[in-house]
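Listed below, chain by chain, are the residues.
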Amino acid sequence: MAKVVRTVLADGDYHEVACAVLSDGATSPAVELLELLDQGMWPDPSAHHFPDSRQAADRSRLIAEIEYLADHGEPLKDYDYLHQGIWEFKIGTLRVTFYDTLGDGSFTVKTGTRNDSHWAKRRFDFPEHFDEYVRLGHYFGKSEQKTRKSDLIKALVVREEDLKHDRN
Amino acid sequence: MTEIEYQQEAGQRPASLIEVEDADPLRNLELAAARAEVRVLHLLRTAFERSSLSQKELAEHVGVTEGRVSQVLNSEGNLKITTIARFLRALGYKFELDATPTKPNIPSLTPRREKRKSRRKNGGAVYYANERGSHKILFTSRKEDHEPARGNFYFIGDLPATAMRETANAIDSNITFRLQRGQQESPSIGKK
């Protein structure tokens, strides 16, 4: 399978963060999300009308958080561990999943450890040895307390389809 | 041709989206604002985590409610610059601002004039002490710090005499090293 070209968002001291690409070799959910945010048209469950003018600022905030991860080796705070080595950025009700890889199509699950003694309460300690390449995968809106199972599954599917491009 | 287009044409790695947006006048303002927000938050949270204070103690120090401390640490709303400075000071840090040019043709904001030299000349002093068999060199730039026991000093290290002399001179070229090994008394140094 031919390797695909991914949109690189940030190329920092610790990580290169890029957008995952689906099995068709062209569709990238994270690129799609950035375009929607740019137009204020991401279907935010908390928005009253569209286009939503707040979404441009959310887009910039997401990009700044991604840059922080690339430059510092860990996300700032607005993140959570989901499951099976998949993490998420949190910007308001928006969730964007991400995962790490060595860039050869492989990945190892690095589980998060919940640290309830931390001042921020629901803080997950971020693994020290997150692999060099980080990919943004699935995005969704979260209006309920728990992440929907369909979104958890979709996040795994996006990772699998994306990493397949890198395997020989 | 933009800098990024030039890089791409020159066969260098493709620019990242952040580099592209940093070069785009329609986008880089919003990105600069988001970056500032993220970095201030990083400063406040790191300072708080490295302090031994609880949120309650910090609230008492700053003179606000515990809820306000939580709001600030969780970045709920835009923070005033005075709030940031107060919180950092209460956590034991001095807040400093800096701005760097984004293009080579933008002038730097560093002062145009050189700092006055007399302040350093008058205050420069190096002390060389023999303590428990090791040799320590201490440096002060304050005029009033006549005695090692009373002054504010920077410890340079346990180094051979020559290296200490070189280190002292590197720190302040106005200082020369005159003390002998084992001497602890003042002022060891004359001015050049």
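Each value, and the rule that gives it
Residues numbered from 1 in each chain as written. Chains lettered and ligands numbered in written order. Predicted model: local features only at pLDDT ≥ 70, side-chain atom pairs only at ≥ 80, totals over all residues. Helix = DSSP H or I, 4+ residues; strand = E, 2+ residues; numbered from the N terminus. Buried ≥ 20, exposed ≤ 12 C-beta atoms within 10 Å, placed from the backbone. Contact = placed C-beta atoms within 7 Å. Rg over C-alpha atoms; globule rule 2.2 N^0.38 Å. Pairing = 2+ DSSP bridges. Axes fitted to C-alpha atoms, helices over the stretch in contact; angles between N-to-C directions. Nonpolar A, V, L, I, M, F, W, Y, C, P; charged D, E, K, R; others polar. Expected span 1.5 Å × (residues − 1). Parallel < 35°, antiparallel > 145°, perpendicular 65-115°, else oblique. Left-handed = near helix turned anticlockwise from the far one by under 90°.

With respect to the overall build of chain B
Looking only at helices and strands, chain B features 8 helices and 3 strands. When the helices and strands of chain B are placed in sequence order, the string is α-α-α-α-α-α-α-β-β-β-α. Counting across all 192 residues of chain B, residues that qualify as buried make up 19%. Considering only contacts within chain B whose residues lie at least 6 apart along the sequence, 41% involve residues at least 24 apart.

Some thoughts on the overall build of chain A
For chain A, the helix and strand inventory stands at 3 helices and 8 strands. Helices (α) and strands (β) of chain A occur, in sequence order from the N terminus, as β-β-α-α-β-β-β-β-β-β-α. Against the compact-globule benchmark of 15 Å for 168 residues, chain A has a radius of gyration of 15 Å, which places it among compact chains. In terms of its C-alpha atoms, chain A occupies a principal-axis envelope of roughly 45 × 40 × 30 Å. In chain A, which comprises 168 residues, the proportion classed as buried is 37%. Within chain A, residue pairs in contact and separated by at least 24 positions form 59% of the contacts whose partners lie at least 6 positions apart.

Some words on the sheet that holds strand 2 (residues 16-19) of chain A
Residues and elements named next belong to chain A. Taken together, the 6 strands give an open sheet; going across it, the order is 1-2-8-5-4-3, and neighbouring strands pair in mixed fashion. Each of the sheet's edge strands pairs with one partner strand only, and the pair in question is strand 1 (8-11) and strand 3 (79-83). Neighbouring strand axes in the sheet, compared pairwise and without regard to direction, differ in orientation by 30 degrees on average. Two strands pair when backbone bridges link them, and strand 3 and strand 4 (residues 86-91) are joined in this way by 4 bridges, in the antiparallel orientation.

Thoughts on the interface of chain B and chain A
Listed as interface residues are 14 residues of chain B and, on the opposing side, 17 residues of chain A. The dominant element in the side of chain B that touches chain A, judged by the number of residues it contributes, is helix 3 (residues 28-50) of chain B, at 9 residues. Across the side of chain B that touches chain A, the residue classes break down as 8 nonpolar, 3 polar and 3 charged.

Quick word on the environment of Glu-67 of chain A
Locating Glu-67 of chain A in the fold gives a position in helix 2 (residues 55-72). Spatially, the C-alpha atom of Glu-67 of chain A lies 28 Å from that of Gln-145 of chain A, the residues being 78 residues apart in sequence. Dropping the residues within four chain positions of it, Glu-67 of chain A is found in contact with Ala-10 and Gly-12 of chain A together with Ile-18 of chain B.

Observations concerning helix 3 of chain B
Over its 23 residues, helix 3 of chain B extends 32 Å from the first C-alpha to the last, a length consistent with the 33 Å expected when each residue adds 1.5 Å. Those residues of helix 3 of chain B that fall on the buried side of the exposure criterion are Ala-34, Arg-35, Val-38, Val-40, Leu-41, Leu-44, Ala-47 and Phe-48 of chain B. In this structure, the buried residues of helix 3 of chain B make contact with helix 2 of chain A together with helix 4 (55-62), helix 5 (66-73) and helix 6 (81-90) of chain B.

Concerning the packing of helix 3 of chain B against helix 6 of chain B
Residue and element names in this part refer to chain B. Viewed as axis vectors pointing N to C, helix 3 and helix 6 meet at an angle of 25 degrees, and their least axial separation amounts to 9 Å. Comparing their axes, helix 6 and helix 3 come out roughly parallel. As helix 3 packs across helix 6, the resulting crossing turns out to be left-handed. Residues Val-40, Leu-43, Leu-44 and Ala-47 of helix 3 pack against Ile-84, Phe-87 and Leu-88 of helix 6. Residue composition of the contact of helix 3 with helix 6, grouped by class: 7 nonpolar, no polar and no charged.

Focus on the environment of Glu-144 of chain A
Inspection of the secondary structure puts Glu-144 of chain A in the loop between strand 8 (133-141) and helix 3 (149-164). As for Glu-144 of chain A and Thr-93 of chain A, which are separated by 51 residues in sequence, their C-alpha atoms are 9.5 Å apart.

Note that every value here comes from positions in space, so none of it alone points to a role or purpose.
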